[in-house]
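# Structural features, examined
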Amino acid sequence: MQQQEDGHQSVGSHPDNIPPETGHGVTGLGRQDGDMTTDFPEPAMISVNGVELEVFEAGRHNAGRPIVLCHGWPELAYSWRHQVPALAAAGYHVIVPNQRGYGNSSRPAAVTDYDIEHLSGDLVALLDHYGYESATFVGHDWGAFVVWGLTLLHPNRVNKVINLSLPYQERGEKPWIEFMEDMLGSDFYFVHFNRQPGVADAVFEANTFQFLRNLYRKNVPPAEPRPGMALIDLARAETPLGDPVMSDSELAVFVSAFESTGFTGSVNWYRNLDRNWRLLADVDPIIRQSTLMIYGDRDAVSKSENLTEFVPNVEVVNLDCGHWIQQEKPEETTQAMLKWLDQRDAT
C-alpha cells in the first residue's frame, strides 16, 4: 500500500517500485540451512463454501488453540514454512490454506468469485470444518487485506489478529481503483490489472520463473519510477536486482505452482477491489480485537499514520526488512508473533 500525497492510503499488496493448482505440491521440498531441513506438512483437500481448499496442518494435537495463516500474492501457504513448526511446538493448531486461486485449491472462472465475501467466507467455512467458533488469524500482504475484511464481516469468528506488511485500509469516499487511477495513473499495476484484464497475466505466465525470481528479492537498490507497468517490466527483466529472499529449492515450489495454475485466479483478487469497497460500505469499520501489526522498515508498502483510529487495540513491531517479512526475517517474525501471543494468552 502506497502512501498518497493527500494523506489517503491506497490498498497495495507488494512493492510497485521494484527498480495456483500445483501439479507437484510441496511434499518433500523444504528449507535447507546447513544440515537442517524443514519439511512442510502434507496437504489435505477440504470442501468449504462451494470450493475445495488445499490445506496444510500442523499441531492437530493442540486442538482448541487454532491459528490460521493467510498468504499474499503471488505466494502460497508455503510462504509460512518458517513459522509453522514453531507455532505448533508452542501449542497451536496451525491451519494454512492455499486460498482460492492458488495451488491445488479451486480456481473459479468468475471474477466476482474472488471478492471479500467469498474469500472471508472460505475462512469461516474452514473454521466450521474444524469445529471452531473462532481463531487467531494471521495475514501477510493480500492475506492481511483478507484478514482485515474477515474481521469486519465476521467479528465473532476472529479472536486475535496478526497482520504483516499491509495495515488496515481506510474506506475513503471514492472506490479504491478509481482513487488509484486518479492519483497514480493507468500504468499503476492495480489499475492495469483492472483496466486491461489478461494482459499482465499472460506476461507473467510466459515468464513465470523470471518473474518470481525477480520479485522475491531483498536489498533492492532504490530507483526512480519509470513509465510503463512496473511488474510487466519486472517479468521481462533478464537480470534480478538485490539479493534472493529464498533458496533455489524454495523458489522452485512457487515456480512449479504458478507454472501449473497460471496467475489469473490470483490476480482476480485485485479485480474485486472496487467491489470490496462497496461490500464493506455498511459494516462497522473498527477492528476491536487485540491486534499485532508487523511492518518491514524497508517495505515499499507504507505504514499507516492513523492505525489506532481504526484498530485501537494494536501493538506495532518494526523489523529491518523489505516486503517479504516472514521469509526475509523468519526467526524475528516468529518470535514477535509468539511473544505477543504469549502476552495475550496470559491476560
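### Some thoughts on the sheet that holds strand 3 (residues 43-48)
Within a sheet, neighbouring strands are paired by backbone hydrogen bonds and run either parallel or antiparallel to one another. Spatial ordering of the open sheet is given by 3-4-6-5-7-8-11-12, a layout of eight strands whose pairing is mixed. The sheet is open, and its two borders are formed by strand 3 and strand 12 (314-319), each paired with just one other strand. This sheet shows a mean twist of 25 degrees between the axes of neighbouring strands, independent of strand direction. One ladder, built from three bridges, connects strand 5 (residues 66-70) with strand 6 (residues 93-98); its direction is parallel. Each bridged residue has a counterpart across the sheet, and for Val-68 the counterpart in strand 6 is Ile-95.

### A short note on the pairing of strand 5
Taken across its five residues, strand 5 has five buried, putting it largely inside the fold. Chirality of the crossover, the property in question, places the unit of strand 5, helix 1 (residues 84-89) and strand 6 among those that are right-handed. Examined bridge by bridge, strand 5 and strand 7 (residues 135-140) share four bridges and lie parallel to one another. Across the sheet, Val-68 pairs through a bridge with Phe-137, a residue of strand 7.

### Regarding the packing of helix 7 (residues 208-215) against helix 9 (residues 248-261)
With their axes 9 Å apart at the nearest point, helix 7 and helix 9 run at an angle of 140 degrees to one another. Considering their axes alone, helix 7 and helix 9 lie oblique with respect to each other. Here the hand of the crossing between helix 7 and helix 9 comes out right-handed. Contacts from Thr-208, Phe-209, Leu-212 and Arg-213 of helix 7 reach helix 9 at Leu-251, Phe-254, Val-255, Phe-258 and Glu-259. Class assignment for the residues of the contact of helix 7 with helix 9 results in six nonpolar, one polar and two charged.

### Description of the packing of aromatic side chains
For the coordinates displayed, the defined rule picks out 29 aromatic pairs. On the numbers, 5.5 Å between centres and 75 degrees between planes, the contact of Trp-142 with Tyr-270 is edge-to-face. Highlighted residues: Trp-142 in helix 3 (residues 142-153) and Tyr-270 in the loop between helix 10 (264-267) and helix 11 (273-279), separated in sequence by 128 residues. Among the residues examined, Trp-142 registers a relative accessible area of 2% and is labelled buried. The class of Tyr-270 is buried, set by a relative accessible area of 0%. Positioned above the aromatic ring of Tyr-92, the side-chain terminus of Arg-65 is 4.1 Å from the ring centre. Lying over the aromatic face of Tyr-78, Arg-81 brings its terminal NZ or CZ to 4.7 Å of the ring centre.

Reading the values: rules and limits
- Residues numbered from 1 in each chain as written.
- Predicted model: local features only at pLDDT ≥ 70, side-chain atom pairs only at ≥ 80, totals over all residues.
- Heavy atoms only, no water.
- Pairing = 2+ DSSP bridges.
- Helix = DSSP H or I, 4+ residues; strand = E, 2+ residues; numbered from the N terminus.
- Axes fitted to C-alpha atoms, helices over the stretch in contact; angles between N-to-C directions.
- Buried < 20%, exposed > 50% of the residue type's maximum accessible area, 1.4 Å probe, protein only.
- Right-handed = clockwise from strand over helix to strand, strands pointing away.
- Parallel < 35°, antiparallel > 145°, perpendicular 65-115°, else oblique.
- Left-handed = near helix turned anticlockwise from the far one by under 90°.
- Contact = heavy atoms within 4.5 Å.
- Nonpolar A, V, L, I, M, F, W, Y, C, P; charged D, E, K, R; others polar.
- Phe/Tyr/Trp six-rings, centres within 6.5 Å; stacked < 30°, edge-to-face > 60°.
- Lys NZ or Arg CZ within 6 Å of the ring centre and 35° of its normal.

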